[in-house]
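Examining the three-dimensional arrangement
Residue-level listing of the chains:
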Amino acid sequence: MTATLAHVQQRYTRLAICNACAHTIKLDVDGLIGTLCPDHPVPAIKQRLRCTRCWSGSYAVQLALPETV
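Residues numbered from 1 in each chain as written. Predicted model: local features only at pLDDT ≥ 70, side-chain atom pairs only at ≥ 80, totals over all residues. Heavy atoms only, no water.

**Side note on the pairing of strand 1 (residues 13–18)**
We count it as follows: Think of it in three bands: residues with accessible area under 20% of the maximum for their type are buried, residues over 50% are exposed, and the middle band is partly exposed, with areas taken using a 1.4 Å probe on protein chains only. A helix here means a DSSP run of H or I that spans at least four residues, while a strand means a run of E at least two residues long, and both kinds are numbered starting from the N terminus. Pairing between strands requires that DSSP locate at least two bridges from one strand to the other.
By the alternation rule, side chains of strand 1 split into Arg 14, Ala 16 and Cys 18, which are all buried, and Thr 13, Leu 15 and Ile 17, of which none is buried. For strand 1 and strand 3 (residues 59–64), the ladder comprises six bridges, and the chain directions are antiparallel. When the bridges of strand 3 are listed, Arg 14 appears paired with Leu 63. Note: strand 1 against strand 2 (residues 24–26), three bridges, orientation antiparallel. Across the sheet, the residue bridging to Leu 15 is Lys 26, located in strand 2. Hairpin connection between strand 1 and strand 2: a loop of five residues separates the two successive antiparallel strands, and Ala 22 in this loop has a positive phi of roughly 70°.

**What about the nonpolar core?**
To keep things clear, this is the line we draw: Note on terminology: a nonpolar core comprises buried Ala, Val, Leu, Ile, Met, Phe, Trp, Tyr and Cys residues joined through side-chain atoms within 4.5 Å. Note on contacts: a residue pair is in contact if any heavy atoms of the two residues lie within 4.5 Å.
Counting 13 residues, the largest nonpolar core has Leu 5, Leu 27, Ile 45, Leu 49 and Tyr 59 as the members making the most contacts within it. Only helix 1 (5–8), strand 1 and helix 2 (29–35) provide two or more residues apiece to this core. Among the elements that line this core, the one with the most residues is helix 2, at three residues. For Leu 49, the residues in contact, after removing those within four places along its chain, are Ala 16, Leu 27, Ser 56, Gly 57, Tyr 59 and Val 61.

Structure, rendered in structure tokens:
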């Protein structure tokens, strides 16, 4: 089963990491759900990303466990 935006919305921090320069950003899943849909598969997001530092279109999307206090 592929994770969708709705599955990861509240549980994880979503990171996009540029494969060319390692620039890392935290994805705005609420914004992505508004643009795409809650059922959009998480792995398909990387096809829509472009690095704001080097303009590469090659990204890895990772889910990070939430920080505990």
